[in-house]
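# Structure assessment
Residues per chain are reported as follows:
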Amino acid sequence: MENHATENVSIWKNRTYLILFSSYAISTMGKYFDSLAVILLISYGWAAEPWMIALIPVAYALPHALFSQFAGVYIDRSKKVRLMLLADIMTALLTIVLLFTSNLWVMLGIILARSSFTVVHFPAQQALVKQVVHPDLILKAVTLNGTVNQLSKIIGPFLGASIAAAFSPKVSFVVYIAALVISVCILLFIRHVDTDESAAALAVGQSGNSSFWKTWGDGWRTMFRSKVLIASFSFVLVAFLVIQLVDAQFAVLFRQLYPDNPSVLGWFMSAVGFGSVVIILYLSRLKKIKNYGWYLGSSGILIGGGFLAVGMFPPEVNILWTLAAALLIGIGVGIFSTVFSYILQMESPDGKVGQMSGMYNSLTGIVLLLAPIVGGFLVQWFGVLIIFQMIGMATLAIGFLGVVMQKVLWGSDEEVCEGKGEQEVV
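Residues numbered from 1 in each chain as written. Predicted model: local features only at pLDDT ≥ 70, side-chain atom pairs only at ≥ 80, totals over all residues. Heavy atoms only, no water.

### A look at the overall build of the protein
The number of helices and strands found in the protein is 19 helices and 0 strands. Counting the 426 residues in the protein, one finds 52% classified as buried. Put simply, 87% of the contacts in the protein that link residues at least 6 apart link residues at least 24 apart. Accessible surface, the protein: about 19,300 Å² in total, of which carbon and sulfur atoms supply 70%. (Helix = DSSP H or I, 4+ residues; strand = E, 2+ residues; numbered from the N terminus. Buried < 20%, exposed > 50% of the residue type's maximum accessible area, 1.4 Å probe, protein only. Contact = heavy atoms within 4.5 Å. Areas by Shrake-Rupley, 256 points an atom, 1.4 Å probe, with all protein chains shown as cover.)

### Thoughts on the nonpolar core
By size, the foremost hydrophobic cluster in this structure holds 91 residues, and its most contacted members are Tyr17, Val133, Tyr292 and Phe307. Looking at which element gives the most residues to this core, the answer is helix α11 (residues 227-247), with 13 residues. For tyrosine 17, the residues in contact, after removing those within four places along its chain, are Ile11, Val129, Val132, Val133, Ala141, Leu144 and Asn145. (Core = buried A, V, L, I, M, F, W, Y, C linked by side-chain atoms within 4.5 Å.)

### Concerning the pattern of salt bridges
For the structure shown, the criterion picks out 3 salt bridges. Here aspartate 34 makes a salt bridge to arginine 114, at a shortest N to O gap of 2.7 Å. Taken together, the residues aspartate 34 in helix α1 (residues 15-45) and arginine 114 in helix α5 (residues 104-118) connect sequence positions 80 residues apart. Taken as a pair, aspartate 34 and arginine 114 share a single burial class, namely buried. (Salt bridge = Lys/Arg side-chain N within 4 Å of Asp/Glu carboxyl O.)

### Some points on the packing of aromatic side chains
In this structure the tally under the stated criterion is 18 aromatic pairs. Here phenylalanine 254 and tyrosine 258 contribute two aromatic rings whose centre-to-centre distance is 6.1 Å and whose plane-to-plane angle is 15°, an arrangement assigned as stacked. Among the residues examined, tyrosine 258 registers a relative accessible area of 3% and is labelled buried. Connected via pairs of aromatic rings, a cluster forms that spans Phe250, Phe254, Tyr258, Phe268, Phe307 and Phe388. (Phe/Tyr/Trp six-rings, centres within 6.5 Å; stacked < 30°, edge-to-face > 60°.)

### Focus: helix α12 (residues 250-257)
Looking only at α12, the buried set comprises Phe250, Leu253, Phe254 and Leu257. Buried residues of α12, viewed axially, fall in a sector of 90°; they line one side. (Arc of directions from axis to C-beta.)

### Considering helix α6 (residues 121-132)
Over its 12 residues, α6 runs 16 Å from end to end, which matches the ideal 16 Å to within 8%, given 1.5 Å per residue. Along α6, the residues classified as buried are His121, Pro123, Ala124, Gln125, Gln126, Ala127, Leu128, Val129, Gln131 and Val132. (Expected span 1.5 Å × (residues − 1).)

### Quick word on the packing of α6 against helix α7 (residues 138-166)
Any two packed helices are characterised by the angle at which their axes cross and by the distance between the axes. One can describe the packing of α6 onto α7 by two numbers: an axis separation of 10 Å at closest approach and a directional angle of 145°. Every pair of crossing elements has a handedness; the one defined by α6 and α7 is right-handed. For the pair α6 and α7, contact is made by Gln125, Val129 and Lys130 and by Ile138, Ala141 and Asn145, respectively. Its residues placed into classes, the contact of α6 with α7 shows 3 nonpolar, 2 polar and 1 charged. (Axes fitted to C-alpha atoms, helices over the stretch in contact; angles between N-to-C directions. Left-handed = near helix turned anticlockwise from the far one by under 90°. Nonpolar A, V, L, I, M, F, W, Y, C, P; charged D, E, K, R; others polar.)

### Focus on the confidence of the model for the protein
Residues at a pLDDT of 70 or more form 89% of the protein, whose mean pLDDT is 85. Segment residues 197-208: pLDDT under 50, and 13 contacts once partners within four positions in sequence are set aside and those in other chains are kept. Between residues 421-426, whose pLDDT stays under 50, and residues either more than four places distant or in other chains, the model counts 3 contacts. (pLDDT = per-residue confidence, 0-100.)

### A short note on unusual backbone geometry
Non-glycine residue asparagine 291 carries a positive phi angle of around 55°. Note that asparagine 291 resides in the loop between α13 (263-283) and α14 (292-312). In this model, glutamate 316 sits at a positive phi of 60°, which is unusual for a non-glycine residue. Mapping glutamate 316 onto the fold places it in the loop between α14 and α15 (319-347). Residue classification places glutamate 316 among the partly exposed residues on the basis of a relative accessible area of 48%.

### Some details on a nonpolar patch on the surface
Where nonpolar side chains cluster on the molecular surface, the patch consists of Ile373, Phe377, Trp381, Phe382, Ile386, Met390 and Met393 and spans about 780 Å² of accessible area. Within the residue set of the nonpolar patch, elements represented by two or more residues are α16 (353-382) and α17 (384-404). For the nonpolar patch, the leading source of residues is α16, giving 4 residues. Position of phenylalanine 377 among the secondary structure elements: in helix α16. (Patch = residues over 30% accessible without salt bridge, like charges linked within 9 Å, V, L, I, M, F, W, Y side chains within 5 Å.)

### A few points about the side chain of asparagine 14
Relative to the helices and strands, asparagine 14 is located in the segment before α1. From its side chain, asparagine 14 meets the backbone nitrogen of tyrosine 17 in a polar contact 3.0 Å long. (Polar contact = N/O pair within 3.5 Å; in protein donor to acceptor, adjacent residues only side chain to side chain.)

### Some points on the side chain of threonine 95
Residue position: threonine 95 is located in helix α4 (residues 80-99). Among the polar contacts listed, one links the side chain of threonine 95 to the backbone oxygen of threonine 91, at a separation of 2.6 Å. Contacts of threonine 95, omitting those with residues within four sequence positions, involve Asp34, Arg114, Phe173, Tyr176, Ile177 and Leu180.

### Notes on the packing of α12 against α17
Between α12 and α17, the shortest axis-to-axis distance is 10 Å and the interhelical angle comes to 125°. As judged from the angle between their axes, α12 and α17 are oblique. α17 is crossed by α12, and the crossing has left-handed handedness. Taking contact as the criterion, the partners of Phe250, Val252, Leu253, Gln256 and Leu257 in α12 are, on α17, Val384, Leu385 and Phe388. Among the residues forming the contact of α12 with α17, the class breakdown is 7 nonpolar, 1 polar and no charged. (Parallel < 35°, antiparallel > 145°, perpendicular 65-115°, else oblique.)

### Comments concerning the environment of aspartate 247
Checked against the element boundaries, aspartate 247 lands in helix α11. In the structure, aspartate 247 is positioned 125 residues away from proline 372 in sequence and 7.4 Å away in space, judged by C-alpha atoms.

Below is the structure:
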């Protein structure tokens, strides 16, 4: 493990974290090439029915909903780098199989299998960050990861679409395979983290004498006993549920607002990504984040305001107004994702970051299985503009609740510090 005492000046001097970050950046970029290739191949190449296309996000989300909370327990007890290596290798092998697949049901089965392996990635990566980064630099690490993720959302689909137009969507699978192979090679340089004596001692101290199921139950009890964690989980999941009701309906919205200009949707998505990157870069300048409710609530206000605005725009509204709404949404998304990742790092008890991250992954996976389907029916019954307006107002209300109820839900800074002290004593 890196010596934290000597690694709190600059994160760029932490060699272990930089290797981990490089692996994450490359595999994340490749992931967006892959996801676009799947959509293009099934939607355009095979001209699948809409209900079959709707099974794609289900195949991605189902393993996370079912297994992530259990994977988190196993990750905290195991060698995290080895698990990430295994996941990358198996994902690469299954993606090679996708290159030779021409049947939709087979492809969905392979995507389901790949997602079953990738459930370890987010919890393991979160746990490793906590393990190798000094607490004063956690926010910097979280914002760097967030920046890469948002940039990948912009660059990956753009380059993937260009490759698909010039060659074939399946070429993007090759890009993803190459990214996974490079990620594996990079991770080999930090295998020593798995054999670090202090990390092993921590794992044994936290869970070595407990059964798997007892440790799993202790994780849920820990969340419910921590005022900060239960408030953060509850707020984020409620907001996430509401947002996901319409997140998949932007194509329908823009088909109505700009029927003769489909490229506006791409500009909108890029503007959202740009707004996220800008705010994440700003947050990276901070050392710590306090008053979690204020940040999370502000993110809800920004996202809700953007949703409400686009829902109220008349057809063929000036594109600049649409892009301004996208920037608001992007800034809100950047705050939302960064602050909650920071909360997972700073508020999870030592040795349980992987488990808390896995629990979050499971809960959001369940939301992703249900919310888009419900949102689709709502849009079909009431109209896309009305639903965006309603969701916008609901998200605004949730955001204002977070800001106004900061001290009630999360407590004062003194109470948060006392909570941490109690966790350490336990």
